[in-house]
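Structural features, examined
So the chains spell out like this:
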Amino acid sequence: MALEQIRSALVTVLREMGVADPSVGLERPRDPSHGDLATNVAMTLAKVLGRPPRQIAEEIVSRLDLVAAGVSAVEVAGPGFLNFRLSSGAVASVLDDILDADGSYGRSGSGKGESVMVEFVSANPTGPLHLGHGRQAALGDAVASLLDWTGWRVHREYYYNDSGTQMDNLALSVRARYGQHFGRPGEIPENGYHGAYVADIAQALADEVGDRWADDDSAEALDAMRAFAVRLIREEQDRDLADFRVHFDEYYLESSLYRDGRVDATVQALRDAGYVYERDGAVWLRTTEFGDQKDRVMIRSNGAPTYFLPDVAYHLGKWERGYHRVINVQGSDHHGTVSRVRAGLRALGLPEGYPEYVLHQMVRVERDGKEVKFSKRAGSYTTLRELYEEVGVDVARYFMLMRKPDAHLVFDLDMALDQSDKNPVYKVQYAHARMCSIFAKAGLEPEEAVAGSHADLSLLVHDLERELIKRLREFPETVERAASQAAPHVVCDYLEQTAGAANSWYHAGNPSRNPELTVLADDPALRAARLVLTRAVQIVLHNGLTLLGIDAPRRMDRAEAAVPA
RNA sequence: GCGCCUGUAGCUCAGGUGGAUAGAGCAUCGGCCUUCUAAGCCGAGGGUCCUGGGUUCGAGUCCCAGCGGGCGCACCA
């Protein structure tokens, strides 16, 4: 690899010049006239060496010998940058690596096979999943995938808050609708659920048990109705997620924490740790010891725990299950829980900063600059399913990922429904399909362009080709960076730019306009080299899309314009 | 009032951990175009990076103080 050779040569030279432990950053300059690679070491070392940057740069150049690394020229530029120009063969050598690695190009091992848990979605089973859950599903799944690609052993987990007040409200709502079904005068309670799905559940219940509980106000009947409702809602949520291509390794029930005695055990552990006190008939935890803004109630004066307690028990359990790295994906409206849960865990001796959080802002769907709501099923909100049935799963997933989690997400329906290159998802998919179509045109399978085939890659000398190749080379480091920042949008950004570069290259070679740039050139050597590049582009786009959970079709079947429901 | 997030082109947003002339998509405008199948291609205009200080060779990026927006501050989850 030219890059590593240059880096180590620089390190050697800098040692000779008296720098003890030089760290050399090499980057691809924005402006192609600044060469293929550049470093700013001369500037960063100006202070240490007590000399002007350009003078240091000149000395480095005079000591370097980089012919073997494929460097064709080195120059000092601007305030003290060193710009390297590579031979076309050195630039293109990465294509062989890409074809060799194929479906695993972009994977790396920095996670060293250690375990990490990603917990996401974790919606209460009180109704269908909404848009916020959709963003969370796409994000959590992509973050998990990024960790997988960078060498972690990933566990995807969903936590169901299936105990507590919200469940009671659900059960009471179902009982009201069920009663109404049989002409009884029930009313949905103040904090109950009004969506159409509640009536559906009541209907299903009536279909199953008839009027058996129509006049039964007992706790047993209510429990049965609660269990029935939770089962149906969980099934619906699972369907919604499966059709969104999101799957979990484990579903963890809050109720199991009580059954297994983990909640009681946690209280005892906290007592033993000495951070528990009683006041006004309630049991408190001194979370202010660990940076929380105020102490928190664990057990209310009526004897019932607050949600905070099972939360701590749950996360302690994660640690005890061996997950010493955990990433929780949550809506930022829950960010208040972060310092509380962490404080509770630190009281039990777990490290500061455990678990990690990815907090995301809310989603707003707009058409023509105005917010749209097309909720039928849930009443007050748009469901995830309603969205992806409108725009398609690929588009929905991609749009949920393409903004950084911190930022509010404006989901532009006009753009989402557009089927041209203006839609970033299609832009990337078209570029991939285009590469495939070149092979179809040549009467080859893409896999037939093999690395180490006698293609002379130094023939790829055109600026558009060099720029494209340099982008392909950056894919692994892009994945690495996206993973370390838990930021899938970095990959989206990369794919759009790479697809753009590929499209420009492809279009520049339009045979009727510019036959000398055509991929399927008459000259067999040139054709072979360009087919290697075509294949490499296809691999990178395929891997990037796959990583994000988005299809990479070989052919784009243009769908009928989406029919408004 | 306190805490977290946020403020970059008309709009939606990037900006690789401090580097060269701040980028992309959409929209707008101007040229091409019927193809190695993709309602396409090429190009242009457009900026007080919220404001004011500070740190240094260099700040959209780091620090401080303001201003604007979002969210959170229950014996709710």
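Keep in mind it's a predicted model, so treat the numbers as computed, not measured.

So, on to the pairing of strand β3 (residues 71–77). Note that β3 and strand β4 (residues 81–86) share 6 bridges and pair antiparallel. Pairing of Val71 across the sheet is with Leu86, part of β4. Linking β3 back to β4 in an antiparallel pair, the connection comprises 3 residues, with Gly78 at a positive phi of about 55°.

A probe matching the size of a water molecule, rolled over the atoms, marks out where space remains unfilled. Approximately 1300 Å³ is the volume found for the largest pocket. Ser122, Asn124, Asn161, Gln166 and His334 are the residues nearest the centre of the largest pocket, which is lined by 47 residues in total. When residues of the lining of the largest pocket are traced back to their parent elements, those giving at least two are α6 (131–149), α7 (165–181), α10 (254–259), α12 (308–320), β11 (326–331), α13 (336–347) and β12 (356–360). As a volume, the second largest pocket reaches approximately 760 Å³. For the second largest pocket, the lining is made up of 32 residues, of which Glu27, Arg28, Glu474, Glu477 and Arg481 are closest to its centre. At the level of elements, α1 (2–16), β1 (26–27), β2 (37–39), β4, α5 (88–101), α18 (463–473), α19 (475–484) and α20 (489–508) are the ones that each hand at least two residues to the lining of the second largest pocket. When residues in the lining of the second largest pocket are grouped by element, the largest group, 5 residues, is from α20. For the lining of the second largest pocket, the per-class residue count stands at 14 nonpolar, 6 polar and 12 charged. Two domains share the lining of the second largest pocket, each providing at least three of its residues, namely domain 1 (2–86) and domain 3 (424–560).

Across a regular strand the side chains alternate sides, sitting on one face of the sheet and then on the other. Only one face of strand β15 (residues 409–412) is buried: it carries Leu409 and Phe411, and the other face, with Val410 and Asp412, is open. Relative to β15, strand β13 (residues 363–367) runs parallel, the two being bridged by 4 bridges. Bridged to Val365 within β15 is Phe411.

Okay, the confidence of the model for chain A next. As a note on interpretation, predicted positions should not be read in detail where pLDDT is low. When pLDDT is averaged across chain A, the result is 90; 98% of the residues are at 70 or more. Averaged pLDDT values for the elements of chain A fall to 78 in helix α3 (residues 46–49) and rise to 97 in strand β5 (residues 115–119). Within the model, the stretch residues 560–565 combines pLDDT values under 50 with 3 contacts to residues more than four positions away or in other chains. Across the assembled chains, the prediction reports ipTM 0.94 with pTM 0.93.

In this section: α13. The terminal C-alpha atoms of α13, which comprises 12 residues, lie 18 Å apart, in line with the 16 Å expected from a rise of 1.5 Å per residue. Buried residues belonging to α13 abut α11 (262–273), β9 (282–285), β10 (296–299), α12, β11 and β12. Positive phi appears at Gly349, one or two residues downstream of α13, with a value of about 95°.

Before going further, it helps to spend a moment on the pattern of salt bridges. Following the criterion strictly, the structure yields 38 salt bridges and no others. Across the pair Glu119 and Lys318 runs a salt bridge, and its minimum N-O distance is 2.6 Å. Taken together, the positions of Glu119 in strand β5 and Lys318 in helix α12 put the pair 199 residues apart, joining distant regions of the chain. For the pair formed by Glu119 and Lys318, the shared burial category is buried.

Each pair of packed helices can be summarised by the angle the axes make with each other and by the distance between the axes. Look at α11 against α12: their axes get within 9 Å of each other, and the N-to-C directions meet at 90°. Comparing their axes, α12 and α11 come out roughly perpendicular. Between α11 and α12, the residues in contact are Arg262, Val263, Thr266 and Val267 and Leu309, Pro310, Val312, Ala313, Leu316, Gly317 and Glu320, respectively. Residue classes in the contact of α11 with α12 are distributed as 7 nonpolar, 2 polar and 2 charged.

The rules we used
Residues numbered from 1 in each chain as written. Chains lettered and ligands numbered in written order. Predicted model: local features only at pLDDT ≥ 70, side-chain atom pairs only at ≥ 80, totals over all residues. Heavy atoms only, no water. Pairing = 2+ DSSP bridges. Helix = DSSP H or I, 4+ residues; strand = E, 2+ residues; numbered from the N terminus. 1 Å grid on protein atoms, 1.4 Å probe; cavity = no way out; pocket = protein on both sides within 12 Å on 5 of 7 lines; lining within 4 Å. Points joined across faces, edges and corners; volume = space filled by probe spheres on them. Nonpolar A, V, L, I, M, F, W, Y, C, P; charged D, E, K, R; others polar. Domains from an automatic or database assignment. Buried < 20%, exposed > 50% of the residue type's maximum accessible area, 1.4 Å probe, protein only. pLDDT = per-residue confidence, 0-100. Contact = heavy atoms within 4.5 Å. Expected span 1.5 Å × (residues − 1). Salt bridge = Lys/Arg side-chain N within 4 Å of Asp/Glu carboxyl O. Axes fitted to C-alpha atoms, helices over the stretch in contact; angles between N-to-C directions. Parallel < 35°, antiparallel > 145°, perpendicular 65-115°, else oblique.

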